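Chain residues, written in single-letter form:
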Amino acid sequence: MLKYTELVMDHFKNPRNLGRIDDADAQATEGSIACGDMMTVYLKVEDGKIADIKFESYGCAANIATASMMTEVVKGLSIEEAKKLSWKEIVERLGGLPQIKYHCSNLAVDTLKKAIEAYEGKRQ
């Protein structure tokens, strides 16, 4: 049985920024072949900063918790700052994850970066 930190379980049971943004400036959907998890990230950007971010997820507790933490970390950051976020930072902020679940933090960060790419693509 996998052991999760209390913080991971809190983000799983009470996910922050769950939902969609209907008038999002950008969105991206990614999936993990490793376990079948899916995630969509929606961005609202104002003055070069992430003013709002939401996610929808299909997956395990770690998938939901890492997405929730990722949104908490990047909300209010500039696009450039958000691009620097790493999966390791998400794992650390959650107090750790079982190694077999690291791919969930990768999925959260990868989906964020794809949404940022979509936003930047629209601006060009």
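One can find the structure itself at the top, above this paragraph.
Because the structure is predicted, anything quoted here is derived from the model rather than measured. (Residues numbered from 1 in each chain as written. Predicted model: local features only at pLDDT ≥ 70, side-chain atom pairs only at ≥ 80, totals over all residues. Heavy atoms only, no water.)

Novice: Whenever I open this one, unusual backbone geometry confuses me. Can you help?
Specialist: Among all residues except glycine, the phi angle is most often negative; among peptide bonds, the trans geometry is most common. Phi is positive for N17, which is not a glycine, with a value near 60°. Inspection of the secondary structure assignment puts N17 in the loop between helix 1 (6-13) and strand 1 (26-31). Given a relative accessible area of 13%, N17 falls into the buried group. One non-glycine residue, D47, lies in the positive phi region at around 55°. With respect to the secondary-structure elements, D47 resides in the loop between strand 2 (38-46) and strand 3 (49-58). (Helix = DSSP H or I, 4+ residues; strand = E, 2+ residues; numbered from the N terminus. Buried < 20%, exposed > 50% of the residue type's maximum accessible area, 1.4 Å probe, protein only.)

Novice: In this structure, what is going on with the pattern of salt bridges? I would like to understand it.
Specialist: Two side chains carrying opposite charge are able to pair once their charged atoms lie near each other. Inspection of every chain in the model, using the stated rule, returns 9 salt bridges. The residue R20 makes a salt bridge to D22 at a minimum N-O spacing of 3.5 Å. Exposure remark for R20: the relative accessible area of 47% places this residue in the partly exposed category. Exposure remark for D22: the relative accessible area of 72% places this residue in the exposed category. K83 is paired through a salt bridge with E80; the nearest N and O atoms lie 3.2 Å apart. In this pair, K83 and E80 both sit in helix 3 (residues 79-83), 3 residues apart, roughly one turn of the helix. Among the charged side chains, a network of salt bridges with common partners joins R20, D22 and E56. (Salt bridge = Lys/Arg side-chain N within 4 Å of Asp/Glu carboxyl O.)

Novice: Quick question: what am I supposed to make of the packing of helix 2 (residues 61-74) against helix 5 (residues 102-123) here?
Specialist: Two measures define how a pair of helices packs: the angle their axes make with one another and the distance between the axes. In contact at an axis separation of 8 Å, helix 2 and helix 5 are set at 45° when each is read in the N-to-C sense. Looking at the two axes, helix 2 sits oblique to helix 5. For helix 2 against helix 5, the interelement crossing comes out right-handed. In this structure, helix 2 contributes A62, N63, T66, A67, M70 and V74 to the contact, and helix 5 contributes C104, S105, L107, A108 and L112. Looking at the contact of helix 2 with helix 5 residue by residue, the class counts come to 8 nonpolar, 3 polar and no charged. (Axes fitted to C-alpha atoms, helices over the stretch in contact; angles between N-to-C directions. Parallel < 35°, antiparallel > 145°, perpendicular 65-115°, else oblique. Left-handed = near helix turned anticlockwise from the far one by under 90°. Contact = heavy atoms within 4.5 Å. Nonpolar A, V, L, I, M, F, W, Y, C, P; charged D, E, K, R; others polar.)

These figures come from the coordinates and say nothing about function on their own.
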